[in-house]
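Close look at the chain arrangement
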Amino acid sequence: MGLQFGIFDHIEPVPDMPLEQIYQGRLQQLERFDAAGFYAYHLAEHHTPAVHSLAPSQNVFLAAASQRTQRLRLTPCVYVLPLHHPLRLIEEVCMLDHLSSGRLEMGVGRGGVLEAYFWGSDADVERNQQKYRETLAILKAGLSHEMLTYHGEFYTFDELPMRLRPRQQPYPPLWYMRNAEIAAAEGMNAVLVGSLDGFEANVKRYYDLWEQHQGVGSLTVQGTAPKIGLVNHIVLADTEAEAVALAKPAWDEYVWNLRTPRRLEAERRGLEQFLGANMFKRPSGIPAREAPDERYAASPRTEEARRRRTPPGNLGGDGQGAGFSVIAGTSDSIRVYMDEYVATGANYFVCSFQWGGLSHDQAMRSIQLFVEDVMPHYTDTVTPVSEVVG
């Protein structure tokens, strides 16, 4: 099988555009992704005071998407588990799995403690991690058993009947974001962020650890090959200059959306515990996101090889956009980057087409060029957008 393709999305605000119109535009995009053969749509979860997610209830939006698509798999990426009551989440997962005819997949994670603070949840990073672990255990147990019994620090259930059952057994496929080691150890698919060099090291790390924890040649519990992919924010245009001219201000706005509103709200309220490095504080004892150099360091590259691996447009890469990368160029320059991507050994490529200040029409143009001029070089299952959508 060739490379498979997915989409990662926040659904950000568009100035002067009504919310209904934003939702309808996204659903139109999903119809095109579905027709063109993309594997899955990954939708992030963020809550106020963040401004960069207009779909804080992923399940509501994905329920609508399930009625507008036929093949595209629908993947919250991630459910911020400490903010979800496990019983309600179990029931909604079952509903959505059936509404989508078995196309639901589940990304899981702990999320940030600032949003947890405003939700009245555990704003301590260690307790937040423990609540994540507990909610994940309950989610998996409740979806895969007819009775739920669990005794933990946050929740206790005794022989509680699970009236709703998921269509996929034992539960929909799982994804973890940003950490290849955790994903492999837990038997989950992985979506990562960062540079191509760092990603290549993590691809090797992921497959090594998958064999160590799951067994050589092992599949996921759903019987599929484990997937690992890197998120790439993309702008495609007829010329390099046009692509960069569109991408540069959009990326600046994207970075602002991700970073500034939450920081300003914490400063306004004097919440020093969430400012500076504390805003992104990680629990103790969890693996590093980057692969260790002593084992996975890349061999020295020629100048030509380094040039080919430089993301077209040369934007981002400074860590300001939550570690995400951006590629902006023509179909030809994107394919040079894609060739290097395939060489990492990854089997999944994650696109993001509308972000920052990019309009729906600009995103649709990038999607058209990507589907017609890029995807066919890496998979034999792609149908050109022009053939399936008027």
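Up top you'll find the structure we're talking about.
Below: a short report on this structure.

**Some points on the overall build of the chain**
Secondary structure assignment for the chain yields 13 helices and 12 strands. A compact globule built from 390 residues would reach a C-alpha radius of gyration of about 21 Å, and the chain, at 20 Å, matches this within 12%. Each of the three principal axes of the chain carries a C-alpha extent, and together these read 60 × 50 × 50 Å. Per-residue burial for the chain yields a buried fraction of 53% across its 390 residues.

**Details of empty space enclosed by the protein**
Summed over all chains, the structure comprises 2 cavities of 30 Å³ or more. Taken as a whole, the largest cavity encloses approximately 50 Å³ of empty space. If you go around the largest cavity, the residues you meet are Ile7, Phe8, Asp9, Arg26, Gln29, Phe33, Tyr41, Ser352, Phe353 and Gln354. At the level of elements, β1 (4-9) and α1 (19-36) are the ones that each hand at least two residues to the lining of the largest cavity. Across the lining of the largest cavity, the residue classes tally to 5 nonpolar, 3 polar and 2 charged. Counted as a void, the second largest cavity has a volume near 30 Å³. Taken together, Glu12, Pro13, Val14, Arg26, Gln354, Trp355, Gly356 and Leu358 make up the full set of residues lining the second largest cavity. A per-class count over the lining of the second largest cavity returns 4 nonpolar, 2 polar and 2 charged.

**As for the pattern of salt bridges**
A full pass over the atoms with the stated rule returns 23 salt bridges. Close ionic contact of Asp9 with Arg26 constitutes a salt bridge, the shortest N to O distance being 2.6 Å. In this pair, Asp9 is assigned in strand β1 and Arg26 in helix α1, connecting sequence segments 17 residues apart. Each member of the pair, Asp9 as well as Arg26, is classed as buried. Salt-bridge contacts for Arg308 lead to Glu340; the nearest nitrogen and oxygen are separated by 2.9 Å. Residue Arg308 is located in helix α10 (residues 303-309), and its partner Glu340 is located in helix α11 (residues 331-343); the two are separated by 32 residues in the primary sequence.

**Some points on the environment of His42**
Note that His42 resides in strand β2 (residues 40-43). Considered as a pair, His42 and Pro166 are 124 residues apart in the sequence and their alpha carbons are 19 Å apart. Ignoring anything within four residues of it in the chain, the contact list for His42 reads Ile7, Phe8, Asp9, Thr75, Cys77, Trp175, Val191 and Tyr348. A polar contact of 2.8 Å, which involves the side chain of His42, links it to the side chain of Tyr348.

What counts as what
- Residues numbered from 1 in each chain as written.
- Predicted model: local features only at pLDDT ≥ 70, side-chain atom pairs only at ≥ 80, totals over all residues.
- Heavy atoms only, no water.
- Helix = DSSP H or I, 4+ residues; strand = E, 2+ residues; numbered from the N terminus.
- Rg over C-alpha atoms; globule rule 2.2 N^0.38 Å.
- Buried < 20%, exposed > 50% of the residue type's maximum accessible area, 1.4 Å probe, protein only.
- 1 Å grid on protein atoms, 1.4 Å probe; cavity = no way out; pocket = protein on both sides within 12 Å on 5 of 7 lines; lining within 4 Å.
- Points joined across faces, edges and corners; volume = space filled by probe spheres on them.
- Nonpolar A, V, L, I, M, F, W, Y, C, P; charged D, E, K, R; others polar.
- Salt bridge = Lys/Arg side-chain N within 4 Å of Asp/Glu carboxyl O.
- Contact = heavy atoms within 4.5 Å.
- Polar contact = N/O pair within 3.5 Å; in protein donor to acceptor, adjacent residues only side chain to side chain.

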